[in-house]
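Chain by chain, the residues run as shown.
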Amino acid sequence: IIGIADYQKSNTNSKFAYLMRHPTSSNQIGFTASEAVIHSAQLSLMSSLNSWLTVYGELLYSPEQSFGTGTITSLGRNQVEFRKGMIMIGNPAKCPLYLALGKMDAPFGQMGSVSPFTNSTMWHAFGGFGYGAILGFKKYGLNISIAPTQGGSQFRALNVPVDSTGIPSRINNLVLDLNYTLNIGNNISITAGASWVKGSAYCHGFPIVHFEPCAENNPAFTYYGRINVGDRLTLKGSFAKT
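Keep in mind the model is a prediction, meaning the values are calculated, not measured.

Colleague: Report on a nonpolar patch on the surface, specifying residues and quantitative values.
Modeller: Nonpolar side chains collect at one region of the surface, where Trp52, Ile89, Leu99, Leu135, Ile146, Leu176, Trp196, Phe221, Tyr223 and Phe239 lie side by side and expose about 880 Å² of accessible area between them. With respect to the element layout, Leu99 can be found in strand β5 (residues 97–105).

The following block contains the structure:
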């Protein structure tokens, strides 16, 4: 559960640079804004049914990031949703291959921020989330993901038209990711990787309209890196483009 309290001031009426919520006039009015709220609460459960089969589910309450209409006190934005869920087949002790199926993040790029309270702009622009499957390989520091994904406009940053509609009735999107981690001694690790997605969300004219069908898909790619020096220093960077 995350609670936040803050005071903000802007030189543009009702415009605040704040990626932890949808910065619209429904949330923030005038040249100053302040709040003391519950930003989000989530409950996740995982169960290993046997040595090869694992299931995971996550409930999320997030009024400040909900796509519901109205203000953060509107009923439509105060719902608990089944945010993520997956069934995974795999046993890393016996086989480096695994298969996952469900509602989950797309394996595209490096989305995490070094701040525990602020999303990265990479996630805000390219953080894919939708229905699909992942066939993965993880061993020897190598991590490979092949993710066939439902078409249409998915929950976040994924969109491939299905017969010129946004109806997700076909697996016609694809996400690929490859990264390698090199451990130098016990305290230093270096990771480098690259990803590609067949259909990003940037398939409309500006401004981007989420959850609408596209005339054609617009691919995107990214390459990224990270250096960890013990628990005290993390350097990371990404570049992404459609």
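The discussion continues.
Colleague: For the environment of Ile208, give the residues involved together with the corresponding values.
Modeller: The topology assignment puts Ile208 in the loop between β11 (188–197) and β12 (220–229). Not counting residues within four places of it along the chain, the set of residues in contact with Ile208 comprises Ala201 and Tyr202.

Colleague: Talk me through the packing of aromatic side chains; I want residue IDs and the actual numbers.
Modeller: For the structure on display, the rule yields six aromatic pairs. One Lys or Arg, Lys103, reaches over the ring of Phe155 and ends 4.4 Å from the middle of that ring. Sitting over the ring of Trp123, Arg156 keeps its end group 4.0 Å from the ring centre.

Colleague: How would you sum up the nonpolar core? Please name residues and give values.
Modeller: Core analysis: the largest hydrophobic core is formed by 16 residues, its most contacted members being Phe108, Phe126, Ile134, Val175 and Val197. Elements with a contribution of two residues or more to this core: β5 and α1 (121–126). In contact with Phe108, other than residues within four places in its own chain, are Phe126, Val175, Ser195, Trp196, Val197, Ala220, Phe221 and Thr222.

Colleague: How would you explain unusual backbone geometry if you had to name every residue and give the values?
Modeller: The backbone phi angle of Ala157 is positive, close to 60°, even though this residue is not glycine. Take Ala157: it is sitting in the loop between β8 (152–153) and β9 (159–160).

Colleague: Provide a residue-level description of the environment of Ile144, including the pertinent values.
Modeller: Note that Ile144 resides in strand β7 (residues 142–149). C-alpha of Ile144 to C-alpha of Ser195: the two residues are 51 residues apart in sequence and 9.9 Å apart in space. Once residues within four sequence positions are removed from consideration, Ile144 is found in contact with Leu135, Gly136, Phe137, Asp177 and Leu178.

Colleague: Mind laying out the state of the cysteines, listing which residues take part and the relevant values?
Modeller: One pass over the structure, following the stated rule, counts one disulfide. Through a disulfide, Cys203 is tied to Cys214; the S-S separation comes to 1.8 Å. Note that Cys203 is positioned in the loop between β11 and β12 and Cys214 in the loop between β11 and β12, a separation of 11 residues in sequence. With respect to burial, Cys203 and Cys214 carry one shared label: buried.

Cut-offs applied
- Residues numbered from 1 in each chain as written.
- Predicted model: local features only at pLDDT ≥ 70, side-chain atom pairs only at ≥ 80, totals over all residues.
- Heavy atoms only, no water.
- Patch = residues over 30% accessible without salt bridge, like charges linked within 9 Å, V, L, I, M, F, W, Y side chains within 5 Å.
- Areas by Shrake-Rupley, 256 points an atom, 1.4 Å probe, with all protein chains shown as cover.
- Salt bridge = Lys/Arg side-chain N within 4 Å of Asp/Glu carboxyl O.
- Helix = DSSP H or I, 4+ residues; strand = E, 2+ residues; numbered from the N terminus.
- Contact = heavy atoms within 4.5 Å.
- Phe/Tyr/Trp six-rings, centres within 6.5 Å; stacked < 30°, edge-to-face > 60°.
- Lys NZ or Arg CZ within 6 Å of the ring centre and 35° of its normal.
- Core = buried A, V, L, I, M, F, W, Y, C linked by side-chain atoms within 4.5 Å.
- Buried < 20%, exposed > 50% of the residue type's maximum accessible area, 1.4 Å probe, protein only.
- Disulfide = S-S within 2.5 Å.

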